[in-house]
Structure formats: structure tokens, C-alpha cells
Amino acid sequence: ENSGEASRPKVAVVVFLLKGKKVLLGRRRSSVGRDTYALPGGHLEFGESFEECATREVKEETGLDIDRIEFVTVTNNVYSKVDKPVHIVAIFMRAFLANPDQVPQNPEPDKCEGWDWYDWNDLPRPLFGPLETMAQSDFSPFPDCYI
Ligand code: 8DG
Ligand code: MG
Ligand code: MG
């Protein structure tokens, strides 16, 4: 990566995978947000829709198949306290399991300690920064008609 490329913002797609009152979280092993609980997600690839990126990243990171994918919100974050500062525009989607019996796997153990379902009203800590900000507001990832 040359410095010109590295200095530009990147787009990420992040997924609230919903199951009852729970969301899927995994503890990160990547440098940005290390040891914090975060949603599955990753960088948008050239030509992808947000839905395609959400489907691909969730599959790569958890082995799960999702459907009913919808846009929820967007955040704009600069992470300056790491070796290489990054600026990320994160597109937050929500989705549901295509097959409710499917169980999360951990195919990228170098990036994540493993995945589990957590009640939105009883989240594990520490949460990844942008997620902590959302959790402290009255934001909810669930559809309005949901509970
Ligand atoms: P890739 O190489 O698979 O494309 O990317 P990745 O390694 O899976 O990227 P990532 O760091 O998991 O996600 C990209 C960025 O998305 C991350 O650096 C910061 C931003 N992001 C948030 N909130 C969350 C979150 O809750 N989970 C994840 N995974 N990323 C998040 O702002
Ligand atoms: Mg990721
Ligand atoms: Mg990824």
C-alpha cells in the first residue's frame, strides 16, 4: 500500500445479525479494537453492494448464511491510537439467519476469538468503540415492530 492510498478513508460494512433479542458478537484479535467485542463485518470490495458485502463477510467470518438484509445507520470514525491510523466509514446493516438452526463457526481464528449471541440489553464489555457509543445512546438495531 502506498501512502496516498493508506491516507484515504475506507468503507466497511458491519452486520447486526439478530436472533430473538440477541446479536452476534466476537472478541477481536485484529489491531484496530483488539480484545473488544464487535460485530462481523469487513471492507467493501470494488463493485459490491452493501448487501453483497454483508453476506460475504458474515459467511467468511462465521460460516453463517443471512437474509432479510437492511440498512440501519452509518458512522464515520478515525482510529488514531494504532500503528497506522485509519479512517473508516462504517455502513451498519441488520440481517437474520437464513436457517435459524445454523451455529456460528470461527474460520478466521487469527482475527477473532469466537462468536456468540448476546442480549442487546446485557452486552459484554469492552465493546468496540463505535458499538459502545451506540449502546450508550437509545439506539436499537431491531426493527421498530420487533418487540
Ligand atoms: P477484510 O480484510 O475481511 O475486508 O476486513 P476485516 O479485517 O474483516 O475488517 P474489520 O476490521 O473486521 O472491519 C472493518 C472496519 O469496520 C473496522 O476496522 C472498523 C469498522 N467497524 C466499526 N464497527 C465495527 C464492528 O462492530 N465490527 C467490525 N468488524 N468492524 C467495525 O466501525
Ligand atoms: Mg472483520
Ligand atoms: Mg473480514
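To be clear, the structure that these remarks concern was listed above.
This one's a predicted model, so the numbers in the text were calculated from it and none came from an experiment.

Colleague: What exactly am I supposed to notice about the site of ligand 1 here?
Modeller: Taken together, the neighbourhood of ligand 1 is formed by 17 residues, with R28, L39, G41, E61 and K111 sitting nearest. Protein coverage of the free-state accessible area of ligand 1, which is 610 Å², stands at 87%. Mapping ligand 1 onto the cavity grids shows that it belongs to the largest pocket. Class assignment of the residues belonging to the shell around ligand 1 gives a composition of ten nonpolar, three polar and four charged.

Colleague: Could you clarify how one ought to interpret the coordination of the magnesium ion (ligand 3) in this entry?
Modeller: Each donor-metal-donor angle would ideally measure 109.5 degrees in four-coordinate tetrahedral geometry, or 90 or 180 degrees in six-coordinate octahedral geometry. Distances from the magnesium ion (ligand 3) to its protein donors, E57 (OE) and E61 (OE), fall within 2.1 to 2.3 Å. Metal-to-metal, the separation of the magnesium ion (ligand 3) and the magnesium ion (ligand 2) is 3.4 Å; E61 coordinates the two. Of this pair, E57 and E61 both sit in helix α2 (residues 50-62), four residues apart, which is roughly one turn of the helix. The exposure classification of E57 matches that of E61, with both residues buried.

Colleague: Before we go on, may I ask you to explain helix α3 (residues 129-136) in this structure?
Modeller: Residues spaced three or four apart along an α-helix point in a common direction, a consequence of the helix completing one turn every 3.6 residues. Of all the positions in α3, only P130, L131, E132 and M134 are classed as buried. Buried positions along α3 lie against β1 (10-19), β2 (22-28), β3 (37-38), β5 (66-79) and β6 (86-97).

Colleague: Looking at this structure, I do not really get the environment of Q136. What am I missing?
Modeller: Tracing the sequence through the fold places Q136 in helix α3. At a separation of 2.5 Å, a polar atom in the side chain of Q136 contacts the side chain of E132.

Definitions and limits used
- Residues numbered from 1 in each chain as written.
- Chains lettered and ligands numbered in written order.
- Predicted model: local features only at pLDDT ≥ 70, side-chain atom pairs only at ≥ 80, totals over all residues.
- Heavy atoms only, no water.
- Near = heavy atom within 4 Å.
- Areas by Shrake-Rupley, 256 points an atom, 1.4 Å probe, with all protein chains shown as cover.
- 1 Å grid on protein atoms, 1.4 Å probe; cavity = no way out; pocket = protein on both sides within 12 Å on 5 of 7 lines; lining within 4 Å.
- Sits in = over half its atoms within 2 Å of the grid points.
- Nonpolar A, V, L, I, M, F, W, Y, C, P; charged D, E, K, R; others polar.
- Donors = N, O, S within 2.8 Å, 3.2 Å for Na, K, Ca; no water.
- Helix = DSSP H or I, 4+ residues; strand = E, 2+ residues; numbered from the N terminus.
- Buried < 20%, exposed > 50% of the residue type's maximum accessible area, 1.4 Å probe, protein only.
- Contact = heavy atoms within 4.5 Å.
- Polar contact = N/O pair within 3.5 Å; in protein donor to acceptor, adjacent residues only side chain to side chain.

Structural measurements only, silent on function.
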